[in-house]
Amino acid sequence: MSSGRFDGKTIIVTGAAGGIGEGYARGLAEEGANVVVADLNDEAGEKVAADIGGLYVHTDVSDPESAEALAAATVACYGTIHGLVNNAAIYGGMKLDFPITAPWDYYKKSMSVNLDGALAVTRAVYPHMKEGGAIVNQSSTAAYLYSGFYGLAKAGINNLTFQLATELGGNNIRVNAIAPGPTDTEATRTTTPEEMVKDMVKALPLKRFGTSAPAS
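Because the structure is predicted, anything quoted here is derived from the model rather than measured.

**Some details on the packing of helix H4 (residues 104-114) against helix H5 (residues 116-125)**
Two numbers describe how H4 lies on H5: the axes approach to 3 Å, and their chain directions differ by 40 degrees. Taken together, H4 and H5 sit at an angle that is classed as oblique. Of the residues in H5, those in contact with Met 111, Ser 112, Val 113 and Asn 114 of H4 are Asp 116, Gly 117 and Ala 118. Its residues assigned to classes, the contact of H4 with H5 comprises 3 nonpolar, 3 polar and 1 charged.

**Some words on the packing of aromatic side chains**
By the definition in use, this model includes 3 aromatic pairs. Ring geometry for Trp 104 versus Tyr 107: centroids 5.1 Å apart, planes at 35 degrees, classification tilted. With a gap of 3 residues between them, Trp 104 and Tyr 107 both fall in helix H4, about one helical turn apart. Each ring, one from Tyr 106 and one from Phe 149, has its centre 5.9 Å from the other, and the planes form 70 degrees; the classification is edge-to-face. One end of the pair, Tyr 106, is in helix H4; the other, Phe 149, is in helix H6 (residues 148-168), with 43 residues separating them in the sequence. According to the relative accessible area criterion, Phe 149 is buried, its value standing at 2%. Members of the aromatic cluster, each reached through a chain of ring pairs, are Trp 104, Tyr 106, Tyr 107 and Phe 149.

About the cut-offs
Residues numbered from 1 in each chain as written. Predicted model: local features only at pLDDT ≥ 70, side-chain atom pairs only at ≥ 80, totals over all residues. Heavy atoms only, no water. Axes fitted to C-alpha atoms, helices over the stretch in contact; angles between N-to-C directions. Helix = DSSP H or I, 4+ residues; strand = E, 2+ residues; numbered from the N terminus. Parallel < 35°, antiparallel > 145°, perpendicular 65-115°, else oblique. Contact = heavy atoms within 4.5 Å. Nonpolar A, V, L, I, M, F, W, Y, C, P; charged D, E, K, R; others polar. Phe/Tyr/Trp six-rings, centres within 6.5 Å; stacked < 30°, edge-to-face > 60°. Buried < 20%, exposed > 50% of the residue type's maximum accessible area, 1.4 Å probe, protein only.

Shown next as structure tokens:
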């Protein structure tokens, strides 16, 4: 049963067309939030938004103008913004390569989404936030392990969170990060080789993947 703790609150979730982001969007909606689904996958994003009675906005988080359009569309629909979940990332289908050898253009594109995207959307959204707003950045346990340029971006998210929390605290906007471990999503199943997945699970204390479904 919903607690209604987010009744009347408007929350943007980037990368919410699938995976963990979809889980966030559905969970927040169940708690009464007006959820804005921001993604590049129009078909899946529109379906999630329709299922939860929210708003879908086509968004490229790496593009500051697209981020500004997301904020404007949210305010036009709901009047204000109370929360932001910076979840969008290049992960599903990601090239498994090393920072020292990955094609430079691909490395830059990955970082522009996985790190810079959180900053671009935050910069667009925070001026519209009421005092007491909250921003949650999606980090990962990959930030603390060897995990190529994906882990490098997530380590950057951790420090970005610290910087933004300091800068926006004076506006009474809280900024935090969460760091999920390996999670059973389509992106994980299609990106990570099966033997690597088995090794990841063996290293976990509970010997199982996390899930992206909202808690019942």
